[in-house]
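Residue strings, one per chain:
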Amino acid sequence: MSVELPAGDFDGFALELSGNLPVSQLAVNMAACSNIPAWLSDRALDLVVIVATDPSLTAAAELVSHGDFNRGFVESVVKLQLTGHPQFDDAYQRAGITSDQLARFEQALEAAHPSEQEHFVAYAVRVTLSTVVLHVIDISAVDAQELSPASEYQSRAVTYVDGAVVTADCEATSPAAGSG
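Remember, predicted model here, so these are calculated numbers, not experimental data. (Residues numbered from 1 in each chain as written. Predicted model: local features only at pLDDT ≥ 70, side-chain atom pairs only at ≥ 80, totals over all residues. Heavy atoms only, no water.)

Engineer: Help me get a handle on the overall build of the chain, residues and values and all.
Structural biologist: From N to C terminus, the chain includes eight helices and six strands. Helices and strands in the chain line up, N terminus first, as β-α-α-β-α-α-α-α-β-β-α-β-β-α. For the chain, the proportion of its 180 residues judged to be buried stands at 46%. A sequence separation of at least 24 residues applies to 71% of the contacts in the chain between residues at least 6 apart. Taken as a whole, the chain presents about 8800 Å² of accessible surface, with 47% of it coming from carbon and sulfur. (Helix = DSSP H or I, 4+ residues; strand = E, 2+ residues; numbered from the N terminus. Buried < 20%, exposed > 50% of the residue type's maximum accessible area, 1.4 Å probe, protein only. Contact = heavy atoms within 4.5 Å. Areas by Shrake-Rupley, 256 points an atom, 1.4 Å probe, with all protein chains shown as cover.)

Engineer: Talk me through the packing of aromatic side chains; I want residue IDs and the actual numbers.
Structural biologist: Counted according to the given criterion, the structure contains four aromatic pairs. Here Phe 69 and Phe 73 contribute two aromatic rings whose centre-to-centre distance is 5.7 Å and whose plane-to-plane angle is 15 degrees, an arrangement assigned as stacked. By relative accessible area, Phe 69 is classed as buried at 8%. Exposure remark for Phe 73: the relative accessible area of 14% places this residue in the buried category. (Phe/Tyr/Trp six-rings, centres within 6.5 Å; stacked < 30°, edge-to-face > 60°.)

Engineer: How would you explain unusual backbone geometry if you had to name every residue and give the values?
Structural biologist: Its identity is not glycine, yet Asp 42 carries a phi of approximately 60 degrees, on the positive side. Positionally, Asp 42 belongs in the loop between α2 (25-40) and β2 (48-51).

Engineer: Kindly report on α2, identifying the contributing residues and their values.
Structural biologist: An ideal rise of 1.5 Å per residue puts 22 Å on 16 residues; α2 measures up with 23 Å between its terminal C-alpha atoms. Counted residue by residue, α2 has 12 buried out of 16 residues, so it is predominantly covered. Residues Ala 27, Val 28, Asn 29, Met 30, Ala 31, Ala 32, Cys 33, Ser 34, Asn 35, Ile 36, Pro 37 and Ala 38 constitute the buried set of α2. (Expected span 1.5 Å × (residues − 1).)

Engineer: How would you explain the packing of helix α4 (residues 71-82) against helix α6 (residues 99-112) if you had to name every residue and give the values?
Structural biologist: For any two helices packed against each other, the geometry comes down to the angle between their axes and how far apart the axes lie. Relative to each other, α4 and α6 sit at 90 degrees, their axes nearing to 12 Å. When the axis of α4 is compared with that of α6, the two are roughly perpendicular. Two secondary-structure elements touch here, α4 through Phe 73, Val 74, Val 77 and Gln 81 and α6 through Gln 101, Leu 102, Phe 105 and Glu 106. Looking at the contact of α4 with α6 residue by residue, the class counts come to five nonpolar, two polar and one charged. (Axes fitted to C-alpha atoms, helices over the stretch in contact; angles between N-to-C directions. Parallel < 35°, antiparallel > 145°, perpendicular 65-115°, else oblique. Nonpolar A, V, L, I, M, F, W, Y, C, P; charged D, E, K, R; others polar.)

Engineer: So, the environment of Pro 6: which residues are in play, and what are the values?
Structural biologist: Relative to the helices and strands, Pro 6 is located in strand β1 (residues 2-6). Here the alpha-carbon distance between Pro 6 and Ser 130, two residues 124 residues apart in the chain, equals 5.8 Å. Apart from the residues lying within four places of it in its own chain, the contact partners of Pro 6 are Thr 83 and Ser 130.

Engineer: With reference to specific residues and values, describe the packing of helix α3 (residues 55-65) against α6.
Structural biologist: Between α3 and α6, the shortest axis-to-axis distance is 9 Å and the interhelical angle comes to 105 degrees. Classified by the interaxial angle, the pair formed by α3 and α6 is roughly perpendicular. In this structure, α3 uses Ser 56, Ala 59, Ala 60 and Leu 63 to contact α6, whose residues at the interface are Phe 105, Ala 108, Leu 109 and Ala 112. Of the residues contributing to the contact of α3 with α6, the split by class is seven nonpolar, one polar and no charged.

Engineer: Run through the environment of Val 49, naming residues and quoting values.
Structural biologist: With respect to the helices and strands, the residue Val 49 is situated in strand β2. Along the chain, Val 49 and Cys 33 lie 16 residues apart, while their C-alpha atoms are 9.5 Å from each other.

Engineer: Report on the pairing of strand β3 (residues 120-128), specifying residues and quantitative values.
Structural biologist: In this structure, β2 lies alongside β3, joined through three bridges in antiparallel fashion. The partner of Ile 50 across the bridge, within β3, is Ala 124. Count of turn residues in the β3/strand β4 (residues 131-138) antiparallel hairpin: two residues. (Pairing = 2+ DSSP bridges.)

Printed below as a string of structure tokens:
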């Protein structure tokens, strides 16, 4: 999943992605390392990513992966929720989402909350000074070969768990070797 969002204040946006989801070192490394090829191909502004700890983001990815909800629908809901529409309003109607669909999705999210980021990791990266893209990737599907050109670069991931900032430097050979 990928959602483009306005975010002039990158640190403020990071707080919007915060929650209490434990984040494994592998998930942090995979997010950081996955950003390097994007940066090398000018699809990312820099080498800093924000790893989300809001459990609803990875739970939403689980719902899409199980076929419970359409990817486009979930991306639309996530975008609306992260742009100031936490509850059903006219913006949902303009996006073609009914209150019943939203209620069904929110109930499914409640039941699907993962206990930790084992399968998916959600991270945001700046693509312009005022725009970020939120990616949710399947950790097991990351291609180690795609990451191999990144071994000479370092990326940094930042997570916000209960208000604490945790950083991790990414050496692409470490997660690539662990995912093979």
